[in-house]
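# Residue-level structure breakdown
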Amino acid sequence: MTVAAVPIRLTVNGRARELAVAPNHTLLDALRDDLRLTGTKECCLVGECGACTVLVDGRSVDSCLVLAAEADGWDVTTVEGLAVDGRLSDVQHAFLETGAAQCGFCIPGQLMAAHALLADVPRPTRAEVEEGLAGNLCRCAAYEQIIEAVLLAARAPEAGRHETEPGGDGAEARERVDVAALPDARVAPQ
Ligand code: FES
Ligand code: FES
């Protein structure tokens, strides 16, 4: 018996999309298979690793746990939507700067979780970063660099950091911030 596809409309990275999705397909399936947005990673499929994290109305969501049909009307941002006009976000820059991206598999999810955290808590403490990213696992164990990157990104506006072209070194536009030397008491001891 053929199961009828479900028509949905949603906005993905600012673009209105119309899809016909299988009733048992997840939002992750729809993003990767239907829209070919493969930056969102598929891993545990049970909500434990965070590799599939996307933003829905600015909040982080495990896209493997949501049926695509439920996403009708949603506003979804994937990692492909973070760079605007070819320019990386401050969070992406910070991940590059601290060397947080090792094998890179977990990084899209980490970036989305970091964006959600900083939208909620613009100046997080280290403990708040740890808690905010607790659902995102990194099998390369680059947790120190990832935490440093989020703290660095939180300082980006006042440190005068700017976006640069992806792939460029951006040295002229970036100002290295030594997180360990920050006088801010909100950065807890490491
Ligand atoms: S693939 Fe969704 S949480 Fe692991
Ligand atoms: S950088 Fe390899 S899994 Fe996180």
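Residues numbered from 1 in each chain as written. Chains lettered and ligands numbered in written order. Predicted model: local features only at pLDDT ≥ 70, side-chain atom pairs only at ≥ 80, totals over all residues. Heavy atoms only, no water.

To continue, consider the pattern of salt bridges. Pairing between side chains becomes possible if they bear opposite charge and their charged atoms approach one another. Scanning all chains against the criterion turns up 4 salt bridges. Among the ionic pairs, Arg126 bridges to Glu130, the shortest N-O distance being 3.0 Å. Within this pair, Arg126 and its partner Glu130 are both found in helix H4 (residues 126-132), separated by 4 residues, close to a single helical turn. For Arg126, a relative accessible area of 8% corresponds to the buried category. Residue Glu130 is classed as partly exposed on the basis of its relative accessible area, which comes to 40%. The partner of Arg126 in a salt bridge is Glu144, and the shortest N-O contact between them spans 2.6 Å. Within this pair, whereas Arg126 is found in helix H4, its partner Glu144 is found in helix H5 (residues 143-154), the two being separated by 18 residues in sequence. (Salt bridge = Lys/Arg side-chain N within 4 Å of Asp/Glu carboxyl O. Helix = DSSP H or I, 4+ residues; strand = E, 2+ residues; numbered from the N terminus. Buried < 20%, exposed > 50% of the residue type's maximum accessible area, 1.4 Å probe, protein only.)

Moving on: the sheet that holds strand S1 (residues 6-12). Here we have 5 strands laid out as an open sheet, ordered S2-S1-S5-S3-S4, and mixed in their pairing. The open sheet has two free edges, formed respectively by strand S2 (15-21) and strand S4 (59-62), since each of these has just one partner strand. Strand-to-strand twist of the sheet, defined as the mean angle between neighbouring strand axes without regard to direction, takes the value 40°. For strand S3 (residues 53-56) and strand S5 (residues 75-77), the ladder comprises 2 bridges, and the chain directions are antiparallel. Within the sheet, the bridge partner assigned to Val56 lies in S5 and is Val76. Running over the sheet, helix H1 (residues 27-34) touches S1, S2, S3 and S5 and is turned about 105° from S2. Of the strands in this sheet, S3, S4 and S5 touch helix H3 (residues 107-120), which is tilted by about 35° from S3. (Pairing = 2+ DSSP bridges. Axes fitted to C-alpha atoms, helices over the stretch in contact; angles between N-to-C directions. Contact = heavy atoms within 4.5 Å.)

A separate point is the pairing of S4. The sheet contact formed by S3 and S4 spans 4 bridges and is antiparallel. Residue pairing in the sheet places Val56 in a bridge with Arg59 of S4. The hairpin formed by S3 and S4 contains 2 residues between the paired strands, and Asp57 there has a positive phi angle of roughly 50°.

Right, let's talk about the nonpolar core for a bit. Within the largest apolar cluster, 28 residues are counted, with the highest numbers of intra-cluster contacts made by Val91, Phe95, Leu111, Ile146 and Val150. Going through the elements one at a time, helix H2 (90-98), H3 and H5 are the ones with two or more residues in this core. Leave out the neighbours within four places in its chain, and Leu111 touches Val79, Leu82, Val91, Gln92 and Phe95. Core analysis: the second largest hydrophobic core is formed by 17 residues, Ile8, Leu35, Val54 and Val66 among them. (Core = buried A, V, L, I, M, F, W, Y, C linked by side-chain atoms within 4.5 Å.)

This paragraph deals with the side chain of Thr26. Note on placement: Thr26 falls in the loop between S2 and H1. Beyond its immediate chain neighbours, meaning those up to four positions away, Thr26 contacts Ser63, Cys64, Val66, Leu67 and Ala68.

So, about the packing of H2 against H3. Taken N-terminus to C-terminus, the directions of H2 and H3 make an angle of 130°; their axes are 10 Å apart at the nearest point. By the angle class used here, H2 and H3 are oblique. Once H2 is placed against H3, the crossing between them reads as right-handed. Where H2 abuts H3, its residues Val91, Gln92 and Phe95 lie against Ile107, Gln110, Leu111, Ala114, His115 and Leu118. Looking at the contact of H2 with H3, its residues break down into 6 nonpolar, 3 polar and no charged. (Parallel < 35°, antiparallel > 145°, perpendicular 65-115°, else oblique. Left-handed = near helix turned anticlockwise from the far one by under 90°. Nonpolar A, V, L, I, M, F, W, Y, C, P; charged D, E, K, R; others polar.)

Note that every value here comes from positions in space, so none of it alone points to a role or purpose.
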